[in-house]
Amino acid sequence: MTFEARLADCLPPGALLTSDEAKRPYECDALSAYHAMPRVVVVPETRAEVAAVVRLCAEYGVPLVTRGAGTGLSGGALPLVDGCLLSLARFNRILAIDTANRTATVEPGVRNLAISEAVAPYGLYYAPDPSSQIACTIGGNVAENSGGVHCLKYGLTVHNVIEVEILTMEGEWMTLGGRGLDAPGLDLLALMHGSEGLLGIVMQVTVKLLPRPQLARVVLAAFDSVDAAGAAVADIIAAGLTPAGLEMMDKLAIEVAEAYCHAGYPLTAEAMLLCEVDGNEVDVAAQIDAVNTVLKRAGASELRVSRDEAERLRFWLGRKSAFPAIGRIAPDYFCMDGTIPRKHLAAVLREISALSHEFALPVANVFHAGDGNLHPLIAFDANSDDEMQRAAELGSRILALCVAVGGTVTGEHGVGVEKLNEMCLQFSSAELESFFALKQAFDPKGLLNPGKAVPTLHRCAEFGAMHVHGGRLPHPEIERF
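Keep in mind it's a predicted model, so treat the numbers as computed, not measured.

The rules we used
Residues numbered from 1 in each chain as written. Predicted model: local features only at pLDDT ≥ 70, side-chain atom pairs only at ≥ 80, totals over all residues. Heavy atoms only, no water. Salt bridge = Lys/Arg side-chain N within 4 Å of Asp/Glu carboxyl O. Helix = DSSP H or I, 4+ residues; strand = E, 2+ residues; numbered from the N terminus. Buried < 20%, exposed > 50% of the residue type's maximum accessible area, 1.4 Å probe, protein only. Disulfide = S-S within 2.5 Å. Phe/Tyr/Trp six-rings, centres within 6.5 Å; stacked < 30°, edge-to-face > 60°.

J.: Could you give an account of the pattern of salt bridges, with specific residues and numbers?
T.: Evaluated as defined, the whole model comprises 23 salt bridges. We note a salt bridge from E59 to R6, for which the minimum N-O separation is 3.2 Å. Residue E59 is located in helix α3 (residues 47–60), and its partner R6 is located in helix α1 (residues 3–10); the two are separated by 53 residues in the primary sequence. Residue E59 is classed as partly exposed on the basis of its relative accessible area, which comes to 49%. With a relative accessible area of 26%, R6 lands in the partly exposed category. Between K439 and D443 there is a salt bridge; the shortest N-O distance is 2.8 Å.

J.: I'd like to hear about the state of the cysteines, residue by residue, with values.
T.: One pass over the full model with this rule turns up one disulfide. The partner cysteine of C424 in its disulfide is C460, sulfur to sulfur 2.1 Å. The chirality of the disulfide connecting C424 with C460 is left-handed, given an S-S dihedral of about -80°. Placement of C424 in helix α15 (residues 420–426) and of C460 in helix α17 (residues 457–466) is noted, with a sequence separation of 36 residues between them. Here C261 is not cross-linked by a disulfide; its sulfur's nearest cysteine counterpart is in C335, at 17 Å. The structure places no disulfide on C275, whose sulfur is separated from the nearest cysteine sulfur, that of C151, by 13 Å.

J.: An account of the packing of aromatic side chains is requested, with residue identities and associated values reported.
T.: Per the stated rule, a full pass over the model turns up five aromatic pairs. When the ring of F427 is compared with that of F435, the centres are 5.2 Å apart and the planes differ by 80°; the resulting orientation is edge-to-face. Judged by relative accessible area, F427 falls into the partly exposed class, the value being 25%.

Encoded structure:
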């Protein structure tokens, strides 16, 4: 029997998609510049069905790519033309809420925001809040180690998950982490975060819940220069303050976000900071005074403090709408994801501006300033091969710049297929070989999400020989583990 026929035998009606029309929605994730039609798409409903799919893929040697909501920005869920695309969308149940221990156990297809909505009646919430939290799933958050605007104080996904249950490509069920303060053995729970679907299939996640703060307020600070805003970020941290969120937007990002959602942003500013503090009323008042003092000293031309919860949410709406708002100036964009030491913010932003002029493409900068996670949004038209190539080369130059100042090529969006070349700048051959060994330990046949996240040594040799910081992987099937 064929692979497809065997799948049909073990899946219920409607769970196996084989026509191009049915598979079309799965041909890319949010990095839509890269797409491929998978051999088959499966949408199982039970664990037994997932295990059967994995068993058949292993038996037939068919590559397997797992997909959540498809909101990833680096091509991590890009399918393979000879592979099986496994959608976990139907695993969307919240299995348990433990208010005494402040945890929630959920299936991988549960939306990030749905967790906070479910536990709100208990005065609790789930802290990580990516801009796509209304749609992105917790399984995908684990795979990419997602953050959000409040990651400065409350951490990334890895800091807010205590247990993950996975299914390996060899059909073994594994529980990583635990409900206690420390689990025995190696810290494989941290290893799974950010592994981009290369090591195992996330099937269940237990997250930490936090008491919702009594009060949260946002300070909006406008600046006449990007340099001054960047310096203000360092000043806030140097003053010993730990805001719940500290975000920065440049003039173009401010303009497109304001036109998109009318958040009330200052259109004359060259840059803007959003600094949120939370806690009880006394603590918040003291922190607001301290933040305002630092920002005034740093040269803020305008300061506003959210007057109520509605205005606080409106300030954040503009920041979280920046990505879709770019559609007002171009049909496509690359969202870069480099991370740099905070002290280099101003210098790196100046260089990004110079690169934008060099490549003749607009770049809107919006990012988690508090932890140096940059999200330059490169606007272009994918219908123009020249613009797409220039956008790819510009993005690569930005990531190379991040590495040059002591940063990294990714903070929370993952490597996927987008940043494979730049991984060659970040890591040595010996380090890449250790990644290969780790992959081999979990997935000896190399069937889970092959061609993603870690470049082959051959690729790095070719990239180095080119002596350029440009180009992108034409297709993920060119090289595999």
